[in-house]
Amino acid sequence: MDSTIQTYFKNLDSTDKNLQYEAFNYIISVTKEKVDWSYEVWDKLKADLTHKGSHQRSRAAQFLSNLAISDPEKRIANDFPNIWKVTYDPKFVTARHTLQTIWRVGLAGPEQREMVIHHLSDRFLNCKEEKNCTLIRFDIIQCLKNLYDEVGIEEIKHLALDLIEKEEDLKYRKKYKTVWK
């Protein structure tokens, strides 16, 4: 890992919120492409998924989701359940940021994609009793759209549209459909 990346990771712990924000955005942007340093930070990020600080949990989940494409050992298969747990974080903004990014794990390959799709679909069908269910469902439909846009697999689109049709409230069904226009 080069010194620039090391500096940005150190800046995540800065007391200066602007430095933290800049570091977060930089790391997110570079991890949208394959990197050769993923395993240098992997274990620390994995540990941060249960950090007492919500910012650390959120960042760790988002970074690991992005780093799945830089994971030739397929560690993400074992670590995905821990990332998924953060989508149920007590702090809703942390849970939501994780959910909104987790689709990127599906870019790592067919096995990872199937794992993500299964979890998203199951959550959509079973989140009715959760607080903020409609936001969760909207984010899931958006995740499926993002994944479809990247990989172009028609089954993903069909799944998303089928899930939308399962929404009983016509107002929300209409809202979810806007994602696919």
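Scoring rules and cut-offs
- Residues numbered from 1 in each chain as written.
- Predicted model: local features only at pLDDT ≥ 70, side-chain atom pairs only at ≥ 80, totals over all residues.
- Heavy atoms only, no water.
- Helix = DSSP H or I, 4+ residues; strand = E, 2+ residues; numbered from the N terminus.
- Buried < 20%, exposed > 50% of the residue type's maximum accessible area, 1.4 Å probe, protein only.
- Contact = heavy atoms within 4.5 Å.
- Areas by Shrake-Rupley, 256 points an atom, 1.4 Å probe, with all protein chains shown as cover.
- Lys, Arg positive; Asp, Glu negative; His and termini not counted.
- Charge placed at Lys NZ, Arg CZ, Asp CG, Glu CD.
- Phe/Tyr/Trp six-rings, centres within 6.5 Å; stacked < 30°, edge-to-face > 60°.
- Axes fitted to C-alpha atoms, helices over the stretch in contact; angles between N-to-C directions.
- Parallel < 35°, antiparallel > 145°, perpendicular 65-115°, else oblique.
- Left-handed = near helix turned anticlockwise from the far one by under 90°.
- Nonpolar A, V, L, I, M, F, W, Y, C, P; charged D, E, K, R; others polar.
- Salt bridge = Lys/Arg side-chain N within 4 Å of Asp/Glu carboxyl O.
- Expected span 1.5 Å × (residues − 1).
- Arc of directions from axis to C-beta.
- Core = buried A, V, L, I, M, F, W, Y, C linked by side-chain atoms within 4.5 Å.

As for the overall build of the protein
Reasoning step 1: On a plain count of helices and strands, the protein comes out with 10 helices and 0 strands.
Reasoning step 2: Going from N to C terminus, the protein has its helices and strands arranged as α-α-α-α-α-α-α-α-α-α.
Reasoning step 3: When the backbone C-alpha atoms are referred to their principal axes, the protein occupies close to 50 × 30 × 30 Å.
Reasoning step 4: Burial status across the protein gives 48% buried among its 181 residues.
Reasoning step 5: Residue pairs at least 24 apart in sequence account for 59% of intrachain contacts in the protein once pairs closer than 6 positions are excluded.
Reasoning step 6: When the accessible surface of the protein is summed, it comes to about 9800 Å², and 50% of that surface belongs to carbon and sulfur atoms.
Reasoning step 7: A gap of 6 Å separates the mean positions of the 29 positive and 28 negative side-chain charges of the protein.

Focus on the packing of aromatic side chains
Reasoning step 1: Using the criterion set out here, one finds 10 aromatic pairs in the structure.
Reasoning step 2: When the centroid spacing of 4.1 Å and the interplanar angle of 20° are considered together, the rings of Y8 and Y26 count as stacked. Highlighted residues: Y8 in helix 1 (residues 3-11) and Y26 in helix 2 (residues 17-30), separated in sequence by 18 residues.
Reasoning step 3: For Y8, a relative accessible area of 17% gives the class buried.
Reasoning step 4: Where F80 meets W84, the ring centres are 6.0 Å apart and the plane angle is 20°; that geometry is what we call stacked.

What to know about the packing of helix 7 (residues 110-126) against helix 8 (residues 133-151)
What describes two packed helices is the angle between their axes and the distance between those same axes.
Reasoning step 1: Where helix 7 meets helix 8, the closest approach of the two axes is 9 Å, and the angle between their N-to-C directions is 155°. With respect to each other, helix 7 and helix 8 are oriented roughly antiparallel. Relative to helix 8, helix 7 is oriented so that their crossing is left-handed. Contacts from R113, I117, L120, R123, F124 and L125 in helix 7 reach I136, R137, I140, I141, C143, L144, L147 and V151 in helix 8.
Reasoning step 2: Tallied by class, the residues present in the contact of helix 7 with helix 8 amount to 11 nonpolar, no polar and 3 charged.

As for the pattern of salt bridges
Oppositely charged side chains may form a pair once their charged atoms are brought near each other.
Reasoning step 1: Within this structure, the stated rule accounts for 12 salt bridges.
Reasoning step 2: Note that R137 and E167 form a salt bridge whose closest N and O atoms lie 2.7 Å from each other. Of this pair, R137 sits in helix 8 while E167 sits in the loop between helix 9 (154-166) and helix 10 (170-177), and the two are 30 residues apart along the sequence.
Reasoning step 3: Classification of E167 by relative accessible area gives buried; the value is 6%.
Reasoning step 4: Each member of the salt-bridge network shares a partner with another, and the members are E165, R173 and K177.

With respect to the side chain of D48
Reasoning step 1: Among the secondary structure elements, D48 is positioned in helix 3 (residues 38-48).
Reasoning step 2: Not counting residues within four places of it along the chain, the set of residues in contact with D48 comprises Q56, R57 and A60.

Some thoughts on helix 2
Reasoning step 1: The terminal C-alpha atoms of helix 2, which comprises 14 residues, lie 20 Å apart, in line with the 20 Å expected from a rise of 1.5 Å per residue.
Reasoning step 2: Turning to helix 2, its buried residues are Q20, A23, F24, I27 and I28. Along the axis of helix 2, the buried residues cluster in a sector spanning 130°; they form a single face. In this structure, helix 2 carries N18 and Y21 as exposed residues pointing more than 90 degrees from its buried face.
Reasoning step 3: Residues of helix 2 that are buried make contact with helix 1 and helix 4 (54-67).

Focus: the nonpolar core
Reasoning step 1: Among the nonpolar cores identified, the biggest contains 51 residues, and F9, L120, I141 and L144 are the most heavily contacted of them.
Reasoning step 2: At the level of secondary structure, the elements contributing two or more residues to this core comprise helix 1, helix 2, helix 3, helix 4, helix 5 (76-86), helix 7, helix 8 and helix 9.
Reasoning step 3: The element that contributes the greatest number of residues to this core is helix 8, accounting for 9 residues.
Reasoning step 4: Once you skip the residues sitting within four places of it in the chain, L120 turns out to touch W84, L99, I102, I140, C143 and L144.

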